[in-house]
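Now for the letters of each chain:
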Amino acid sequence: MTDSIDERLKQVESALQAMRSELFHRERVDAAMAEHREAAVRIVLASVIASLGWWGLDRKKFKALIASAAQKVPNYGPASVRHEVLYAEARKVLGKRD
């Protein structure tokens with residue numbers, strides 16, 4: 001009887017360890033994605049500042065800067081979230097609504 005209890009305890013401990021590991025991994029991925037979102041917003045802000053001239057925002061320059069930044073972003077992994085943020089924030093700057 002104690003063998004089955006010990007076995008069951010080992011299984012529970014193993015399951016708990018797997019859950020802790022999964023939680024730790026998810027937290028790291030979420031943190032990485034948040035950092036990439038923040039970086040994308042900074043890129044948009046820098047592009048706005050670089051595109052400001054005497055007559056306001058140079059839309060063509062702004063679009064070119066955003067397109068250039070988007071080409072440098074990978075299409076997979078946590079960094080790929082930058083595409084979504086670049087697109088959404090650039091549309092806000094340009095005054096386009098969905």
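What counts and how
Residues numbered from 1 in each chain as written. Predicted model: local features only at pLDDT ≥ 70, side-chain atom pairs only at ≥ 80, totals over all residues. Heavy atoms only, no water. Axes fitted to C-alpha atoms, helices over the stretch in contact; angles between N-to-C directions. Helix = DSSP H or I, 4+ residues; strand = E, 2+ residues; numbered from the N terminus. Parallel < 35°, antiparallel > 145°, perpendicular 65-115°, else oblique. Left-handed = near helix turned anticlockwise from the far one by under 90°. Contact = heavy atoms within 4.5 Å. Nonpolar A, V, L, I, M, F, W, Y, C, P; charged D, E, K, R; others polar. pLDDT = per-residue confidence, 0-100. Expected span 1.5 Å × (residues − 1). Buried < 20%, exposed > 50% of the residue type's maximum accessible area, 1.4 Å probe, protein only.

Peer 1: How would you sum up the packing of helix H1 (residues 2-51) against helix H2 (residues 59-71)? Please name residues and give values.
Peer 2: Contact geometry for H1 and H2: axes closest at 9 Å, N-to-C directions at 150 degrees. Judged by the inter-axis angle, H1 sits roughly antiparallel to H2. Along this stretch, H1 crosses H2, giving a crossing that reads as right-handed. Residue-level inspection shows Ile43, Val44, Ser47, Val48, Ala50 and Ser51 of H1 in contact with H2, the latter providing Lys61, Phe62, Leu65, Ile66 and Ala69. Of the residues contributing to the contact of H1 with H2, the split by class is eight nonpolar, two polar and one charged.

Peer 1: How would you sum up the confidence of the model for the protein chain? Please name residues and give values.
Peer 2: Averaged over every residue, the pLDDT of the protein chain is 90; the share at 70 or more is 97%. Mean pLDDT across the elements of the protein chain ranges from a minimum in H1, with 89, to a maximum in H2, with 96.

Peer 1: Account for H1, with residues named and values stated.
Peer 2: With 50 residues, H1 should cover 74 Å at 1.5 Å per step; its first-to-last C-alpha distance of 73 Å lies within 8% of that length. Here H1 has its buried residues at Ala39, Ala40, Val44, Ser47, Val48 and Ser51. Where H1 is buried, its residues contact strand S1 (52-53), strand S2 (56-57), H2 and helix H3 (81-93).

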